[in-house]
Structures are given as C-alpha cells and as structure tokens.
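Here's the letter readout for the chains.
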Amino acid sequence: MKKRSTRLLSLCLAIVLTAGLLAINGFAASEKKYGVYTAIGDSIPAGYGLDGFDTKSHECWNGGIIADSYPVLLADELDTDVYNPMSRPGFRTVELRALLDDTYSGDEYTTDMLLPTLQISAQEFSAYGAELTEAIKSSDLITLELGSNDIFTYAVMSMEAYIAKQQGVDKTELSEARSYMSNFETLDKAFSKLMDMAKKLNVTAGAVSLFTADMMKGYVNFKINLPKCVKAIYALNPDVELLVVGMYNPFRDVKLTDQSLLKIGKAADQFVGLMNVYMKTLCPYAYKYTYVDVTDAQVYQFSSVVSGEIPNELLKNVHPTVAGHRYIADQIIAALPAGTASNSSSASAAGVATGAVTAVTRLLGARLR
C-alpha cells in the first residue's frame, strides 16, 4: 500500500510539474511585447487639459510627452522601448490622409484655416508627414483616435465662412473671430464670438441649422477619409497591431440649469453613436483593426447652460481628466490580444498551475484516505 501510494504521489507531482511548465510555456507564447508604440490622433491622446500640457511652447505641435495621458500610461504598462507621440490637437482624418497620401492635399479648410490655427507652416506639415511615415513603418502597435474635430472643428470653420458672407457683417468683429481661430487654444472663444455675431445679424437659426448640417457633413467626410487612412497605415506596415479608439460625448452631463433633471447635452449622442458604429462595424477595414469603446471616459465638469460659463469651459472640459485617461488606457489594454499585458498573462499561467495543484491535492486526498 505504501509503495502504491509513493508511486501515486510521484505521478501526481509529475502532473503538477508538467502543468506548471505548460503554463509557463503558454505564458511565453502568448506574451506579445510591443517594442515600438505610436499614438496617432488629436488633442485627446496629446494630453490637452492635463497638467504639463503647454500650448504656449507649442508642445501641441512638437508632440510633448504628457504625464497621465493615456498613450503614456499605455506605453508604461506595456513596457515599450520606443513611444512615438504623433498626436496633434485639431487634427482630423482629413489632415492624416493628407500626410499619408501625396495625391491628397486636404479639404477647403486645411491650408487656409486649420494649419494657421495650429500655427503650422506648410514646411512643418510636410516634415511631420515624413516623421509620421517612419514612425508607422517601425511600429509594433498603433492607436488611432480621430473624429471629434472632423465634426465639431469642421462645423466651426464652416460657420465662420457662413457669417463672413452675411450682408452687413461687422468687419472688426469678424477679424476678432478670425484672430481667435488663429490659435487652437481660443477656438472656443471663436465659436462663442460667431454665435454672438449671428444673433446680431439675425441669422441665429440659419447658423445653428448650418452648424448641425455641417456636423453631419463632417461625419460623411469622416467615412470617406478613415478607411483611406487605415489603408495607408497597413500599406506602410502590414503586420502592425492597429487599434482604433472610439469617441465619447463630452456634453452628456450638461444641464440647462443646476436644478434640471434633463441632461440636454445627451443630444450629441446621435453624432457620437454614428461615428462609433462606423468605426466598430461599418468601416471596410473594421475586420482588420481592433475597435476600442471609450464611451464612458470621464471629462471635466461643465457648468449649466444658463450660467453662461460653457463658452469659457468648452475647450478644456471636452477633454478627459486623469481618471478619464486611465480609463481609456485600461480599455485599450483590455482590447489587446489575450496575454499581451504581463500581469494578465502571469495571472493566467499561475491560474493553470494552481488549478493543477488543487486537482492533484484533491486526488491524493481521495486515494490516500
């Protein structure tokens, strides 16, 4: 009986050892290190609104590495060797496509409005395109987050063109609005100024109607440009792991008054929903990349509409807080192929070994009783 029990114990220990080795080997096989990570996008991944982001030093154009921004959190979590911060405030799929396609120069606003707003020269834009191309070629992992400016910034630029054509427009006020538009950090003031001008010109209804229509037009253009951008990325790097980060509604909690129960900002859900559905399922390349849902990203708290403070809060408050960036980073990590994050892989391997030990212990207990 003793000899038999010894043999059984040896067999069980062999099973445990084999399970452990399988778990370790499985961990090694599933672990996927992303040595080079590139973040492409707009002001959200660029870290606008976080401490350390300084538009005055043009870090918004030079690609400063901003602590607590989700790409930096992601790069740290994945222990990447190289992180390429290629996100720029104000960018749309229009500009990304122009950077990746020599036959496309952007739309009617790229050269005359958007690049001056970002204080970028044509030479800098071209140089950035060459830098971006090399970053894409060398990347193991790319996150792409664009869309907000495709609908909102596009609509603001269209409104400026609409106001400028109105009979009796005040040239001084128009010049002031344009000066606000010449700096990314005062785009919110430009929008507020244009709305004031529309009211004075008695064309508020037309301006609002145009703004909504142009947001939809921006969505249509987004559907044209996103697949071309994705195609260009894969042409440069067919084996890259590409994650397309969705949109959130930063106005979802905005109320008419502090006492209101109705959150009127939820009206923007329709545009966010359209954009996300397209990115997730309707884009022709949706089967190749991984879509990341970030609809619950936390943003800064807006005042009520009647307070009159929203125009002053607009630019910063539509961006994620530190907690919002942490959430986005976690959503991306969760969307990566199983076993990417070392912590989750280690836990999986440990779980296999622990399960084997538990099973063998129970078997020994049953046979030796």
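It should be noted that the structure appears before, not after, this text.
Residues numbered from 1 in each chain as written. Predicted model: local features only at pLDDT ≥ 70, side-chain atom pairs only at ≥ 80, totals over all residues. Heavy atoms only, no water.

Q: Could you clarify how one ought to interpret the sheet that holds strand 2 (residues 82–87) in this entry?
A: Hydrogen bonding along the main chain pairs the strands of a sheet, whether they run parallel or antiparallel. The five strands lie next to each other as 2-1-3-4-5, forming an open sheet whose pairing is parallel. Strands at the two margins of the open sheet, each flanked by one partner only, are strand 2 and strand 5 (290–292). Taken over all neighbouring pairs, the strand axes of this sheet differ in orientation by 20° on average, direction set aside. Two elements, strand 1 (residues 36–41) and strand 3 (residues 141–145), share five bridges in a ladder whose sense is parallel. From the neighbouring strand, T38 faces strand 3, where its bridge partner is I142. (Pairing = 2+ DSSP bridges. Helix = DSSP H or I, 4+ residues; strand = E, 2+ residues; numbered from the N terminus. Axes fitted to C-alpha atoms, helices over the stretch in contact; angles between N-to-C directions.)

Q: It is not clear to me how the layout of surface pockets should be interpreted in this structure. Could you clarify?
A: Unoccupied space between atoms shows up once a probe the size of one water molecule is rolled over them. By volume, the second largest pocket amounts to about 170 Å³. Lining the second largest pocket are 13 residues, and of these A98, L99, Y104, F125 and S126 sit closest to its centre. Mapped onto the lining of the second largest pocket, the elements with two or more residues apiece are helix 5 (93–100), helix 6 (110–117) and helix 7 (122–138). In terms of residue count, helix 7 provides more of the lining of the second largest pocket than any other element does, five residues in total. Broken down by class, the residue content of the lining of the second largest pocket amounts to six nonpolar, six polar and one charged. (1 Å grid on protein atoms, 1.4 Å probe; cavity = no way out; pocket = protein on both sides within 12 Å on 5 of 7 lines; lining within 4 Å. Points joined across faces, edges and corners; volume = space filled by probe spheres on them. Nonpolar A, V, L, I, M, F, W, Y, C, P; charged D, E, K, R; others polar.)

Q: Explanation requested: the pairing of strand 3 in the structure shown.
A: As a general feature of sheets, a regular strand has side chains that alternate between the two faces. Burial analysis of strand 3 places five of its five residues in the buried class, which makes it a mostly covered element. Of the two faces of strand 3, both are covered, the one formed by L141, T143 and E145 as well as the one formed by I142 and L144. Pairing of strand 3 with strand 4 (residues 241–245) involves four bridges; the strand directions are parallel. Bridge pairing in strand 4 places I142 opposite L242. (Buried < 20%, exposed > 50% of the residue type's maximum accessible area, 1.4 Å probe, protein only.)

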